[in-house]
Amino acid sequence: MNATNATNSTDAVDPAVSADLAPTGVLRVAVNLGNPVLAQGTPDAPGGVTVDIAREVGARLGVPVSFACFDAARKSYEEMAAGRADLCFLAVEPAREADVAFTAPYVLIEGVYAVRADAPYTTVDAVDRPGVRIGVKRGSAYDLYLTRTLRHATVVRGDEGVDVFVADGLEAGAGIRQPMTEYVAAHPGLRLIEGRFMQIRQAVGTTRDRRPETVAFLRDLVEELKASGFVRAALERSGRPGDLVAPPA
């Protein structure tokens, strides 16, 4: 876990909110380096839009920020659910909302399918049929979503959806559009199915035992950072498309 000092901010918040959200005097942030759209770098030097937002939250609170970095969303969620993190960056999903109070999304990304070039599937709906096995990253937003919405196809979990798809000879692999597009471009025997099977709503979250004023602070700040161009600029600095910014809540 590494820490960075907060920058000075003219928008300092109520000290009671700071004490509630960062009770140890340090804002402890869980970061998922397994989602390259939102976070990049190493555990010792993370970067990306999630890290930039976390640092801005720390600046507003007037506290330093520490980062616990993981390679999967489920591990970030577990860190938050266990009370070892004050802030997380996860996709909004019903299975997580019992433990996490979310803001509105700050970024919208898409879940897509990869299939073999000669596969008969041409639409997202065509993948959901008996006998189709879909590789997913265990505990990811699209694992949770597909597990509760697929009617006929089955989910096969692994460390990475596209890896288990290829290694186990599955019919499809699920993942996030940007890294899946890069993967398919590097593997000519594969293609993406046009369209998305889900919209992934990436949001800021904290534990549900926070004061209402604390959750309201986070929700208002996310809206401010979207409206001001902060989120777009952070995405673009990290080489990601600025048009991934979610609309106002």
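Because the structure is a prediction, the values reported are computed rather than measured.

**Describing the pattern of salt bridges**
By the definition in use, this model includes 17 salt bridges. Ionic pairing is found between R84 and E79, a salt bridge with its closest N-O pair at 3.0 Å. In this structure, K137 and E160 form a salt bridge, with 3.0 Å as the shortest nitrogen-oxygen distance. Within this pair, whereas K137 is found in strand β9 (residues 133-137), its partner E160 is found in the loop between β10 (154-158) and α7 (161-167), the two being separated by 23 residues in sequence. You can call K137 buried: its relative accessible area is 6%.

**What to know about the environment of L87**
Its location among the elements puts L87 in strand β6 (residues 87-91). Relative accessible area serves as the criterion here: at 0%, L87 is assigned to the buried category. Each C-alpha atom of the pair L87 and D44 lies 18 Å from the other, and the pair is 43 residues apart in sequence. When residues no more than four places from it in sequence are discounted, the contact partners of L87 are L27, R28, V29, A30, A54, V57, M80, V204, G205 and L218.

Analysis parameters
Residues numbered from 1 in each chain as written. Predicted model: local features only at pLDDT ≥ 70, side-chain atom pairs only at ≥ 80, totals over all residues. Heavy atoms only, no water. Salt bridge = Lys/Arg side-chain N within 4 Å of Asp/Glu carboxyl O. Helix = DSSP H or I, 4+ residues; strand = E, 2+ residues; numbered from the N terminus. Buried < 20%, exposed > 50% of the residue type's maximum accessible area, 1.4 Å probe, protein only. Contact = heavy atoms within 4.5 Å.

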